[in-house]
Structure formats: C-alpha cells, structure tokens
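# Commentary on secondary and tertiary structure
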Amino acid sequence: MPDWASALMPTSASLGPLLVDAIPALDDGAPPPSLLASVAQTIAGFCNERAVDDSEGWSVRMPLRPDLLEDTTLELAISSYWLQLRFLTADARSRRLISQHQDALRCLLMGLLKRQREISIAID
C-alpha cells in the first residue's frame with residue numbers, strides 16, 4: 001500500500017473496543033448505559049478520526065464480539081452528511097437489545113460526533 005493510502009487509514013485501535021475485551025457484556029435485565037456509551041464512543045472515535053472525517057466516505061463491516069451481541073455483524077457507512085449503522089443478526093436477543101436501545105445509541109452518537117450528521121440505525 002502506498003504511503004499516502006496508509007496515512008488515510010484509521011488505526012485499528014479505532015474499532016478495537018468492539019472486537020476486544022474492553023466492553024462489558026450486556027445483561028438482558030439491566031439498562032445498557034455503559035455498553036451503549038462504549039459502543040457510541042468507539043463508533044464516534046472512528047468517525048471523528050481526521051482521515052475518516054475529511055474523506056468522501058467510508059464503509060466498514062465487522063463481526064461484533066459474541067458476548068456483546070451474539071451472531072451480529074455491524075455495517076457502518078459514513079459520509080460528510082450521514083452515518084448509517086446496520087446491525088445484521090439472526091439472534092433474537094441481539095435483535096431485541098438493538099431495537100430497544102437504538103434511540104439512545106443515536107442520541108449518544110449525536111453528542112459525540114465532531115460533525116453533525118443524519119444518523120440511521122437499521123436491524124436486519
């Protein structure tokens with residue numbers, strides 16, 4: 001990869017908390033503020049990186065840790081004007097948790113993003 005291209009790439013640490021043991025698992029019966037905050041901070045950290053924020057757009061697809069959201073993949077697409085999060089899951093618990101807390105996640109992201117964007121969250 002040319003040097004100019006690698007300079008545009010966000011660091012692996014940007015998305016690390018979604019993939020490593022940095023976020024506590026979510027209990028069905030408990031409110032999810034710490035999990036939501038961690039997920040929102042991780043997504044916003046990626047989106048706020050200069051290379052991502054200044055670019056025409058990015059698209060990232062990653063499987064999430066099974067202890068966070070079982071059998072779930074996150075597709076993230078971002079442009080100067082919008083942020084799209086698409087959670088792909090066949091797991092009923094994961095689907096329910098995302099559905100119940102998507103408005104809270106959206107609000108957290110709106111407060112954390114450097115640039116205001118339209119935020120959409122889908123569950124498939």
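So, a few notes on the structure that sits alongside this text. (Residues numbered from 1 in each chain as written. Predicted model: local features only at pLDDT ≥ 70, side-chain atom pairs only at ≥ 80, totals over all residues. Heavy atoms only, no water.)

## A word on the pairing of strand β3 (residues 82-89)
In terms of strand pairing, strand β2 (residues 72-78) meets β3 through seven bridges, oriented antiparallel. Among the inter-strand pairings, A77 is bridged to a residue of β3, identified as Q84. Between β2 and β3, which pair antiparallel in sequence order, lie three residues. Note that β3 and strand β4 (residues 118-123) share six bridges and pair parallel. From the neighbouring strand, Q84 faces β4, where its bridge partner is S120. Handedness of the β-α-β unit built from β3, helix α5 (residues 92-112) and β4 comes out right-handed. (Pairing = 2+ DSSP bridges. Helix = DSSP H or I, 4+ residues; strand = E, 2+ residues; numbered from the N terminus. Right-handed = clockwise from strand over helix to strand, strands pointing away.)

## Considerations on the nonpolar core
Formed by 29 residues in total, the largest nonpolar core has its most connected members in I43, L83, L85, F87, L105 and L109. Sorting the residues of this core by element identifies α3 (33-48), β1 (58-63), β2, β3, α5 and β4 as the ones contributing at least two each. Ranked by the residues each element gives to this core, the list is headed by α3, at eight residues. Ignoring sequence-local partners within four residues, the contact set of L83 consists of I43, C47, L76, A77, I78, L109, L113, R117, E118, I119 and S120. (Core = buried A, V, L, I, M, F, W, Y, C linked by side-chain atoms within 4.5 Å. Buried < 20%, exposed > 50% of the residue type's maximum accessible area, 1.4 Å probe, protein only. Contact = heavy atoms within 4.5 Å.)

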